[in-house]
Amino acid sequence: MKAKEGAMGKINWTRVLLGGLVAGAAGNVLMFAAWGLFTRPSLSAALEALGQPLQETVVSTVVGVMLGFLVMILVIWLYAAIRPRYGAGPKTALVAGVAAGLLFAVFPDIGWGLTLRLIPARVWATDAVVSLVVIVIATLLGAWVYKEEGA
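Residues numbered from 1 in each chain as written. Predicted model: local features only at pLDDT ≥ 70, side-chain atom pairs only at ≥ 80, totals over all residues. Heavy atoms only, no water.

Note: predicted coordinates in regions of low pLDDT should not be interpreted at a detailed level. Of all residues in the protein chain, 93% have pLDDT values of 70 or greater, and the mean over the chain is 91. Every residue in residues 1-7 is under pLDDT 50, and counting partners more than four places away or in other chains gives 2 contacts. (pLDDT = per-residue confidence, 0-100. Contact = heavy atoms within 4.5 Å.)

Have a look at this one:
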């Protein structure tokens with residue numbers, strides 16, 4: 001059964017991109033701060049104990065920033081896609097942000113934690129919680145920019 005176009009609304013791709021860029025910028029800034037405060041010290045200590053110092057490069061940083069923007073554009077698309085069912089606003093943004101945080105941060109960290117047992121579970125748990133919080137905050141900001149009408 002085909003939904004009525006007016007009932008479901010069309011996704012405003014310009015606003016998805018704009019909201020995703022806002023969310024990506026906020027997410028990258030917050031993640032760099034949170035990484036430096038919470039994750040880097042414990043991960044660095046764990047790697048040092050294994051004789052493998054943490055190696056952050058320009059390439060890894062640039063790729064991380066680019067992935068941050070791409071993920072947040074996808075999250076704002078998710079927000080736009082679920083708005084017709086859940087309604088516009090922060091509650092729906094929270095749903096999209098938590099879903100994305102679980103998929104892009106928590107579940108991968110659980111996987112890494114189960115696979116790389118030489119790194120303490122608290123490192124992965126810290127990264128999962130920090131990343132989830134950052135993604136939710138960034139999603140709220142990006143969703144605030146998104147509107148279905150106009151550009």
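That shown, we press on.
All right, on to the environment of Arg 40 then. With respect to the element layout, Arg 40 can be found in helix H2 (residues 13-49). For Arg 40, a relative accessible area of 32% puts it in the partly exposed group. Residues Arg 40 and Val 71, 31 residues apart in the sequence, show an inter-C-alpha distance of 21 Å. Excluding its chain neighbours within four sequence positions, the residues that come into contact with Arg 40 are Trp 35, Leu 54 and Glu 56. (Helix = DSSP H or I, 4+ residues; strand = E, 2+ residues; numbered from the N terminus. Buried < 20%, exposed > 50% of the residue type's maximum accessible area, 1.4 Å probe, protein only.)

All right, on to a nonpolar patch on the surface then. On the surface, a nonpolar cluster with roughly 970 Å² of combined accessible area is contributed by Val 59, Val 63, Leu 67, Leu 70, Leu 74, Leu 103, Phe 104, Phe 107, Ile 110 and Leu 114. Secondary structure elements with two or more residues in the nonpolar patch: helix H3 (58-86) and helix H4 (90-115). With respect to the secondary-structure elements, Val 63 resides in helix H3. Among the residues examined, Val 63 registers a relative accessible area of 41% and is labelled partly exposed. (Patch = residues over 30% accessible without salt bridge, like charges linked within 9 Å, V, L, I, M, F, W, Y side chains within 5 Å. Areas by Shrake-Rupley, 256 points an atom, 1.4 Å probe, with all protein chains shown as cover. Salt bridge = Lys/Arg side-chain N within 4 Å of Asp/Glu carboxyl O.)

Now for the nonpolar core. The biggest cluster of nonpolar side chains holds 17 residues, and the ones touching the most others in it are Ala 23, Met 72, Val 75, Tyr 79, Ile 135 and Tyr 146. For this core, the elements supplying multiple residues, two or more each, are H2, H3, H4 and helix H5 (121-145). Contacts of Met 72, omitting those with residues within four sequence positions, involve Gly 20, Ala 23, Gly 24, Ile 135, Ala 138 and Thr 139. With 7 residues, the next largest nonpolar core counts Leu 43, Ala 46, Leu 47 and Trp 124 among its residues. (Core = buried A, V, L, I, M, F, W, Y, C linked by side-chain atoms within 4.5 Å.)

A few words now on the packing of aromatic side chains. For the structure shown, the criterion picks out 2 aromatic pairs. Ring centres 6.3 Å apart and planes at 20° place the aromatic pair Trp 112 and Trp 124 in the stacked group. Of this pair, Trp 112 sits in helix H4 while Trp 124 sits in helix H5, and the two are 12 residues apart along the sequence. In this structure Trp 112 comes out as partly exposed when scored by relative accessible area, which is 46%. Trp 124 gets classed as buried once you look at its relative accessible area, which sits at 13%. (Phe/Tyr/Trp six-rings, centres within 6.5 Å; stacked < 30°, edge-to-face > 60°.)

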